[in-house]
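# Reading the structure
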Amino acid sequence: DSTGDWSSDVCSSDLGQVLWDLYGLRLGEKIGVFEIMDHGCDREKLDRRTAMSLVEHVVLLANRKSMKDLLRDELRSTIESMQQVLGAAKTNAQTSHNLRNITEYLKLSISPLRLNKALKGMEYIDTLPVNTAESGLAEKGWYFLLGMISLSKFRSQKRTQAGATDDLKVAASFFRLQLQFTAEHWETWYRLAQCFDSELEEDVMWSTDKLNGDQAPLISEQRSAIHCYRSEEHTSELQSPVLS
């Protein structure tokens, strides 16, 4: 029912019960004071159309939780199951154009003039509007949420030695995907910058090999982080009247 108030605990509980009975998915063990019951129903395979219809409500529920709690919550496994069904976003001329320009932007040299223009809101990345099924997911913050889960997984690890940074790479790929559709979303730029900062920190914390040898990857990570931070500053200034 698209007209229902799915933000209420009653409707969330009803939806949660249906999802558990039909697909074995949980929005949480308990929503408000309502517990999910096991009715022993035969389960169906979640289809893409249903997963698409659930995105807005699931993002709403996820945003109510701290990322620390979400990583331990059953809702996270539901999000991951939904993404498996939704699959990779299809590319078209517009998304390819946007990704290419964002990638080239992150490679630009750092200049005082360009930084000054960004602070004054005078610099823009040439991106095109996208109207696809996936753009609806991006507008609801789906790819941003997936990026935040992967970034938080990495940052929650207690690292005592060098290790894999796969979660960082996954997070960065989702943040880039979000930006292909919503380049003005300032927090995506900020979180992408944190990915580059974490990669840089990981590269220099456990070994001096790159500092003493091939510094090109370090310079690239630092440059990309700076560009993301100044884009975050620019877009947050543009959005500040709305946010206030």
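As a reminder, the structure under discussion sits directly above these lines.
Residues numbered from 1 in each chain as written. Predicted model: local features only at pLDDT ≥ 70, side-chain atom pairs only at ≥ 80, totals over all residues. Heavy atoms only, no water.

### A few points about the overall build of the protein
When helices and strands are tallied, the protein shows 12 helices and 2 strands. Along the protein, helices (α) and strands (β) appear in the sequence α-β-β-α-α-α-α-α-α-α-α-α-α-α when read from the amino end. Taking the contacts inside the protein whose residues are at least 6 apart along the sequence as the reference set, 68% of them involve residues at least 24 apart. Element-wise, carbon and sulfur atoms account for 52% of the exposed surface of the protein, whose accessible area totals about 13500 Å². (Helix = DSSP H or I, 4+ residues; strand = E, 2+ residues; numbered from the N terminus. Contact = heavy atoms within 4.5 Å. Areas by Shrake-Rupley, 256 points an atom, 1.4 Å probe, with all protein chains shown as cover.)

### Quick notes on the layout of surface pockets
Gaps between atoms show up when a probe of the same size as a water molecule is rolled over them. Approximately 300 Å³ is the volume attributed to the second largest pocket. Asn63, Gly141, Phe144, His185 and Glu187 are the residues nearest the centre of the second largest pocket, which is lined by 19 residues in total. At the level of secondary structure, the elements contributing two or more residues to the lining of the second largest pocket comprise helix 2 (48-63), helix 7 (133-139), helix 8 (142-156) and helix 10 (186-205). (1 Å grid on protein atoms, 1.4 Å probe; cavity = no way out; pocket = protein on both sides within 12 Å on 5 of 7 lines; lining within 4 Å. Points joined across faces, edges and corners; volume = space filled by probe spheres on them.)

### A short note on the nonpolar core
Among the nonpolar cores identified, the biggest contains 31 residues, and Val58, Leu75, Ile79, Trp142, Tyr143 and Leu145 are the most heavily contacted of them. For this core, the secondary structure elements donating two or more residues are helix 1 (9-23), helix 2, helix 3 (67-72), helix 4 (74-86), helix 7, helix 8 and helix 9 (166-181). The element contributing the most residues to this core is helix 2, with 7 residues. With residues near it in sequence (within four places) discarded, isoleucine 79 still touches Val58, Ala62, Leu70, Trp142, Leu145, Leu146 and Ile149. In this structure, Ile102, Leu151, Leu192 and Ala193 belong to the second largest nonpolar core, which totals 19 residues. (Core = buried A, V, L, I, M, F, W, Y, C linked by side-chain atoms within 4.5 Å. Buried < 20%, exposed > 50% of the residue type's maximum accessible area, 1.4 Å probe, protein only.)

### Considerations on the environment of asparagine 101
Inspection of the secondary structure puts asparagine 101 in helix 5 (residues 93-107). Separated by 26 residues in the primary sequence, asparagine 101 and threonine 127 place their C-alpha atoms 7.2 Å from one another. Once residues lying within four places of it in the same chain are set aside, the contact partners of asparagine 101 are Ile125 and Asp126. Within the structure, the side chain of asparagine 101 is placed 2.7 Å from the backbone oxygen of aspartate 126, a separation counted as a polar contact. (Polar contact = N/O pair within 3.5 Å; in protein donor to acceptor, adjacent residues only side chain to side chain.)

### Digging into helix 2
Under the 1.5 Å per step criterion, the end-to-end length of helix 2 is 22 Å for 16 residues, consistent within 8% with the ideal 22 Å. Helix geometry: helix 2 is bent most strongly at valine 55, by close to 45 degrees. Taken together, the buried positions of helix 2 are Thr50, Ala51, Leu54, Val55, His57, Val58, Val59, Leu61 and Ala62. The residue sitting at the N-terminus of helix 2 and contributing the capping side-chain oxygen is aspartate 47; that oxygen lies 3.2 Å from the backbone nitrogen of arginine 49. (Expected span 1.5 Å × (residues − 1). Bend = angle between axes of the 7 residues up to and from the residue.)

### Focus on the environment of lysine 140
Mapped onto the fold, lysine 140 is located in the loop between helix 7 and helix 8. In this structure lysine 140 comes out as partly exposed when scored by relative accessible area, which is 36%. Separated by 83 residues in the primary sequence, lysine 140 and histidine 57 have C-alpha atoms spaced 9.4 Å apart. Look past the residues within four positions of lysine 140 in its chain and what remains in contact with it is Val55, Glu56 and Val59.

### So, the pattern of salt bridges
Applying the stated criterion across every chain yields a total of 9 salt bridges. Linking glutamate 74 and arginine 26 is a salt bridge whose minimum nitrogen-to-oxygen distance equals 3.4 Å. One end of the pair, glutamate 74, is in helix 4; the other, arginine 26, is in the loop between helix 1 and strand 1 (30-31), with 48 residues separating them in the sequence. Residue classification places glutamate 74 among the partly exposed residues on the basis of a relative accessible area of 28%. Arginine 26 sits in the buried class, given a relative accessible area of 17%. (Salt bridge = Lys/Arg side-chain N within 4 Å of Asp/Glu carboxyl O.)

### With respect to the packing of helix 2 against helix 4
Contact geometry for helix 2 and helix 4: axes closest at 10 Å, N-to-C directions at 145 degrees. Considering only the axes of helix 2 and helix 4, their crossing is left-handed. Where helix 2 approaches helix 4, its residues Arg48, Ala51, Met52, Leu54, Val55, Val58, Leu61 and Ala62 are matched on the opposing element by Leu75, Ile79, Met82, Val85 and Leu86. (Axes fitted to C-alpha atoms, helices over the stretch in contact; angles between N-to-C directions. Left-handed = near helix turned anticlockwise from the far one by under 90°.)

### Quick notes on the side chain of arginine 230
Its place among the elements puts arginine 230 in helix 12 (residues 216-243). We classify arginine 230 as buried; its relative accessible area is 7%. At 2.9 Å, the side chain of arginine 230 and the side chain of histidine 227 are in polar contact.

### Here's the deal with the packing of helix 4 against helix 8
For the pair helix 4 and helix 8, interaxial distance at closest approach is 12 Å and the crossing angle is 125 degrees. Compared by their axis directions, helix 4 and helix 8 come out oblique. The handedness of the crossing between helix 4 and helix 8 comes out as left-handed. Taken together, the residues of helix 8 that come into contact with helix 4 (itself represented by Arg76, Ile79, Met82, Gln83 and Leu86) are Trp142, Leu145, Leu146, Ile149 and Lys153. Considered class by class, the residues forming the contact of helix 4 with helix 8 number 7 nonpolar, 1 polar and 2 charged. (Parallel < 35°, antiparallel > 145°, perpendicular 65-115°, else oblique. Nonpolar A, V, L, I, M, F, W, Y, C, P; charged D, E, K, R; others polar.)

Function cannot be read off these values alone, since they describe shape.
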